[in-house]
Amino acid sequence: QVRIVLAFALTILSCQREKPMESTVSFEEKLLGTIPSDVNIVSNDDVVFSQDGRNVAYVAERDRKRIVMVNDTRGPEYDWADRPVFSPDGHKVAYVGVTDIDWKIWLDWNTPNFKRGGKWFVVDNGKQIGPYDYAWLVSYSPDGSKVAFAAMKGEKWFIVDGDSVGESFDWV
């Protein structure tokens, strides 16, 4: 089993005119989660830590399905999932999950991402929002109370901000 451990390096510097600078380094170690033996991490780029360092989230793959793991908690399976983001306080996580993918279209690199099909959802702390024809640019409000993202239905784009859906545009 692989463990995810976050080690904080704490550096204390003291500087006084009469004395030379002193430096002390110490480490605090905390086990955040264990990667289950039946999954693989999709990419190191998909491993993210909350700002306070108390939580880790990553995209894993099992039997050709993608799962977002938060610490030791497994999310629902999707055909594809995108890099998770934490709320500023580190208590919530959001990401994009896609179901019903037509892999012939999905793997055609000449097709733009937003034309690849499937049902796109934004998952906010376990709650699925959608479906959309495409969703991306997921982030939280500064106080962490709302998730915001760009989404597409049909040929129109719009911004979703919490429960509010903005005006539609040709492109976001």
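Note: the structure precedes this text.
What you are looking at is a predicted structure, and each value in this text was computed from that prediction instead of being measured. (Residues numbered from 1 in each chain as written. Predicted model: local features only at pLDDT ≥ 70, side-chain atom pairs only at ≥ 80, totals over all residues. Heavy atoms only, no water.)

Visitor: Explain the overall build of the protein here, please?
Guide: When helices and strands are counted, the protein shows one helix and 16 strands. The buried share of the protein, taken over its 172 residues, is 37%. On the protein, roughly 10700 Å² of surface is accessible, and the fraction owed to carbon and sulfur atoms is 49%. (Helix = DSSP H or I, 4+ residues; strand = E, 2+ residues; numbered from the N terminus. Buried < 20%, exposed > 50% of the residue type's maximum accessible area, 1.4 Å probe, protein only. Areas by Shrake-Rupley, 256 points an atom, 1.4 Å probe, with all protein chains shown as cover.)

Visitor: Please explain the side chain of serine 141 as it appears in this structure.
Guide: Along the polypeptide, serine 141 turns up in the loop between strand E13 (134–140) and strand E14 (147–153). By relative accessible area, serine 141 is classed as buried at 14%. A distance of 2.7 Å separates the side chain of serine 141 from the side chain of aspartate 143, its partner in a polar contact. Polar side-chain contacts of serine 141 include one of 3.2 Å to the backbone nitrogen of serine 145. Discounting chain neighbours no more than four positions away, the residues touching serine 141 are Pro88 and Lys146. (Polar contact = N/O pair within 3.5 Å; in protein donor to acceptor, adjacent residues only side chain to side chain. Contact = heavy atoms within 4.5 Å.)

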